[in-house]
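Residue strings, one per chain:
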Amino acid sequence: MTIGFFDLDQAELSEFAREHEFKSFLPTQLCRWVYERGVTEFEKMTDISKRDRLRLSERMHFIQSDEIVAQRASDGTRKLLLAWHDDVPEAGSRRLTVVSEDGALASHSGRKETECVMIPSGDRRTGCISSQVGCPVGCRFCASGLGGLEGNLSSGRIVEQAWRLGRMDGVGRVTNIVFMGMGEPLSNYRNVIKAIRTLNAPWGLGIGARRITVSTVGLPPAIRRLAQFDIPVTLALSLHAPNDDLRKEIIPWAEYTTIKELLEACQAYFQASGREITLEYILLGGLNDRPEHARELATIARSLRANVNLIRYNEVEGLPYKRPVSEDVLRFQSILREKNVNAHIRASRGRDIDAACGQLRYKNREKNREKNRDRSPGHDGSRVRN
Ligand code: SF4
């Protein structure tokens, strides 16, 4: 049984070293090799004695995922489809790797896939990572939500994505992290918080709090809880509609909470952390991109003194939503600006590589389903479960 390195914080690494009678500075050595130098092969960790490297390899592992697909867009954006196996060995009785207290992947059998993306821009290398396998929210325009939630990612699996993205092309580390991949990060709160500690820590990936963005569709109690967290990350609220009726049409979870409740929770976050809130607004052609929507959104943004990120929808095969036309997007932005709202149109990155969240995983699944259908002589047309 071996323990997953990325699941451990510094105190747990020290405990591990003590328990297995390693030198007290082993945690520092390991963190340097893995987080600073990007090395995960025991044989390359030359300042650790051969005997200890052997003992370590019997007790610890690093990488928990397999790379299923790696794509590179013409603009340099990289996307990975990773598969996580449930049979990663446990570590003694602590079960840090396989089962998190709030239900990681242990109850699911077989391979679970998630996506992560690295977006280069000048000196900046932003890692967009997933917090869950699938998503419980089920936004109607999103490929990630199509199959519902399959499980939470452990903190180690969240950190591993950031580490992997930093190592793509052999370069160092990501400079920014956004929790905008698959899943609703605040519904996997404990693991996301633990992962943020490692992403932020000087002994970990050393990414500043301002450069870590948690994007949520909105769980007011969890936003208030996050306001008490000692690392003041940037909070982005995925609003996507300027009124409750329209929001309920496209985000099923909007049934459970009103925009007013969300804004109150965001206000509490702003007061506690001093961090301005960003409103994310995905523009769906002909649906939420009308001038009246821009005016409603302006009122909301001004009440919160929030910036607005406008995102042009990337179409997903099989879903009815359309990418908005450029002139509607520009008009939407100018209405916001006329009303003194700081509104940016987020550049579309990686459009030629299934850039929309969950799209790569969705396509891969469909491909596998087709393969299974072809192989099955008595197939009756029913859906094949992966
Ligand atoms: S848009 Fe985000 S919150 Fe909505 S279903 Fe997709 S991953 Fe989940």
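It should be emphasised that the depicted structure is a prediction, and the values quoted were computed from it without experimental measurement. (Residues numbered from 1 in each chain as written. Predicted model: local features only at pLDDT ≥ 70, side-chain atom pairs only at ≥ 80, totals over all residues. Heavy atoms only, no water.)

Peer 1: Explanation requested: the site of the ligand in the structure shown.
Peer 2: Neighbouring the ligand are the residues Cys135, Val137, Gly138, Cys139, Cys142, Ser144, Gly145, Gly181 and Gly183. When grouped by side-chain class, the residues that make up the shell around the ligand number four nonpolar, five polar and no charged. (Near = heavy atom within 4 Å. Nonpolar A, V, L, I, M, F, W, Y, C, P; charged D, E, K, R; others polar.)

Peer 1: Any chance you could explain the pattern of salt bridges here in plain terms?
Peer 2: Close approach of charged atoms lets side chains of opposite charge pair. Per the counting criterion, the structure on display carries 15 salt bridges. A salt bridge links aspartate 52 to arginine 55; the shortest N-O distance between them is 3.1 Å. Here aspartate 52 and its partner arginine 55 are both found in helix H3 (residues 50–57), three residues apart, which amounts to about one turn of the helix. When sorted by exposure, aspartate 52 lands in the same class as arginine 55, which is buried. Note that arginine 331 and aspartate 328 form a salt bridge whose closest N and O atoms lie 3.1 Å from each other. In this pair, arginine 331 and aspartate 328 are both assigned in helix H10 (residues 326–338), three residues apart and thus about one turn of the helix distant. For aspartate 328, a relative accessible area of 13% puts it in the buried group. Because the salt bridges share partners, they merge into one network encompassing Asp289, Arg290, Asp328 and Arg331. (Salt bridge = Lys/Arg side-chain N within 4 Å of Asp/Glu carboxyl O. Helix = DSSP H or I, 4+ residues; strand = E, 2+ residues; numbered from the N terminus. Buried < 20%, exposed > 50% of the residue type's maximum accessible area, 1.4 Å probe, protein only.)

Peer 1: Before we go on, may I ask you to explain the sheet that holds strand S5 (residues 112–121) in this structure?
Peer 2: The pairing of strands in a sheet comes from backbone hydrogen bonds and takes either a parallel or an antiparallel form. An order of S3-S4-S5-S6-S9-S10-S11-S12-S13-S14 is seen for the ten strands of this open sheet, with the pairing classed as mixed. Two strands close off the open sheet at either side, each with one partner strand: strand S3 (65–72) and strand S14 (343–346). Within the sheet, the average angular offset between the axes of one strand and its neighbour, ignoring direction, is 25 degrees. H10 rests against strand S12 (278–283), strand S13 (307–312) and S14 of the sheet, and its axis sits at about 155 degrees to S14. (Pairing = 2+ DSSP bridges. Axes fitted to C-alpha atoms, helices over the stretch in contact; angles between N-to-C directions. Contact = heavy atoms within 4.5 Å.)

Peer 1: When you look at the pairing of S14 in this model, what are you seeing that I'm missing?
Peer 2: Two faces belong to every sheet, and in a regular strand the side chains alternate between them. By the bridge criterion, four bridges tie S13 to S14 in an arrangement that is parallel. By the bridge assignment for S14, valine 308 is matched with alanine 343. In the classification by handedness, the crossover that spans S13, the intervening H10 and the parallel S14 is right-handed. (Right-handed = clockwise from strand over helix to strand, strands pointing away.)

Peer 1: Got a minute to help me understand the packing of helix H8 (residues 259–273) against helix H9 (residues 291–304) in this structure?
Peer 2: Each pair of packed helices can be summarised by the angle the axes make with each other and by the distance between the axes. Where H8 meets H9, the axes come as close as 10 Å, and the angle between the chain directions of the two elements is 30 degrees. Judged by the angle between their axes, H8 and H9 are roughly parallel. Seen from above, H8 lies across H9 with right-handed handedness. Facing Ile259, Leu263, Cys266 and Gln267 of H8, the residues of H9 in contact are Ile300, Ser303 and Leu304. (Parallel < 35°, antiparallel > 145°, perpendicular 65-115°, else oblique. Left-handed = near helix turned anticlockwise from the far one by under 90°.)

Peer 1: Quick question: what am I supposed to make of the packing of helix H4 (residues 155–167) against helix H5 (residues 189–200) here?
Peer 2: Between H4 and H5, whose axes approach to 8 Å, the crossing angle comes to 40 degrees. The angle between the axes of H4 and H5 places the two elements in the oblique class. For H4 against H5, the interelement crossing comes out right-handed. Contacts between H4 and H5 involve Ser155, Ile158, Val159 and Ala162 on the former and, on the latter, Asn191, Val192, Lys194, Ala195, Thr198 and Leu199. Residue composition of the contact of H4 with H5, by class: six nonpolar, three polar and one charged.

Purely geometric stuff here, so don't read any function into it on its own.
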